[in-house]
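Listed below are the residues making up each chain.
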Amino acid sequence: MTGIILLAALFLSHYLADFCFTTRSMIVAKSDGRTLFPIILHASIHAFLMGICLIIFGTTIQLLLGLFLLEFISHFVIDTTKGRLTHAYPKLADNHQKPYWIVYGMDQLLHQLIIIAIWGIATYHFSL
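Residues numbered from 1 in each chain as written. Predicted model: local features only at pLDDT ≥ 70, side-chain atom pairs only at ≥ 80, totals over all residues. Heavy atoms only, no water.

(A) Representation of the overall build of the protein. Tallying secondary structure elements over the protein gives five helices and zero strands in all. Its helices and strands in sequence order give the protein the pattern α-α-α-α-α, from N to C terminus. Each principal axis of the C-alpha distribution contributes one length, and for the protein these read about 45 × 30 × 20 Å. Here the protein holds 128 residues, and 39% of them are scored as buried. Considering only contacts within the protein whose residues lie at least 6 apart along the sequence, 74% involve residues at least 24 apart. Here the protein carries 7 positive and 6 negative side-chain charges, and the mean point of each set is 7 Å from the other. (Helix = DSSP H or I, 4+ residues; strand = E, 2+ residues; numbered from the N terminus. Buried < 20%, exposed > 50% of the residue type's maximum accessible area, 1.4 Å probe, protein only. Contact = heavy atoms within 4.5 Å. Lys, Arg positive; Asp, Glu negative; His and termini not counted. Charge placed at Lys NZ, Arg CZ, Asp CG, Glu CD.)

(B) Seen up close, the nonpolar core. Membership of the largest hydrophobic core comes to 14 residues, with the highest contact counts inside it found for Leu 6, Leu 10, Met 50, Leu 54, Leu 67 and Ile 118. Beyond its immediate sequence surroundings of up to four residues, Met 50 is in contact with Leu 10, Ser 13, Leu 67, Phe 68, Glu 71 and Ile 118. (Core = buried A, V, L, I, M, F, W, Y, C linked by side-chain atoms within 4.5 Å.)

(C) Looking closely at the environment of Phe 76. Mapping Phe 76 onto the fold places it in helix 4 (residues 61–88). The spatial distance from the C-alpha of Phe 76 to the C-alpha of Gly 33 is 9.5 Å, given a sequence separation of 43 residues.

(D) Local environment of the side chain of Thr 22. With respect to the secondary-structure elements, Thr 22 resides in the loop between helix 1 (2–20) and helix 2 (24–32). There is a polar contact of 2.7 Å between the side chain of Thr 22 and the backbone oxygen of Ala 17. Polar contacts involving the side chain of Thr 22 include one to the main-chain carbonyl oxygen of Asp 18, which spans 2.9 Å. With near-sequence residues (within four places) excluded, Thr 22 lies in contact with Ala 17, Ile 27 and His 42. (Polar contact = N/O pair within 3.5 Å; in protein donor to acceptor, adjacent residues only side chain to side chain.)

(E) How the structure looks around the pattern of salt bridges. Evaluated as defined, the whole model comprises three salt bridges. Close ionic contact of Asp 79 with Lys 30 constitutes a salt bridge, the shortest N to O distance being 3.8 Å. Residue Asp 79 is located in helix 4, and its partner Lys 30 is located in helix 2; the two are separated by 49 residues in the primary sequence. Considered together, Asp 79 and Lys 30 belong to a single accessibility category, that of buried residues. Arg 34 is the salt-bridge partner of Asp 32, the closest N and O atoms lying 3.9 Å from each other. Residue classification places Asp 32 among the buried positions, given a relative accessible area of 15%. Through salt bridges with shared partners, a single network forms among Asp 18, Lys 30 and Asp 79. (Salt bridge = Lys/Arg side-chain N within 4 Å of Asp/Glu carboxyl O.)

What follows is the structure, encoded as structure tokens:
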């Protein structure tokens, strides 16, 4: 049961970081993938919130650092790549077009798969 609660907490941390704690400058930076500092800050917020969840559930500092890096790097790469794609292909940036939603969905799917991987690693190490 604890493992399911951790998974829910990780999904909640993703929601908070992506939709509640994202600033206007992060949104603008993510739209072209070229202004890196706001994207770095955005990925840091994701990794920090995920780290809080893992600390609450008793992860070790060594595992925490590895999973923090996994979340930070993957989030940065996914968001930067999506931004550069949508900048290069304007049709992907138009939310009235189906390709926008396909790319947006793929972005969210990749983030969710990383969350599940982090959860799986954490639960494997701690038998949650």
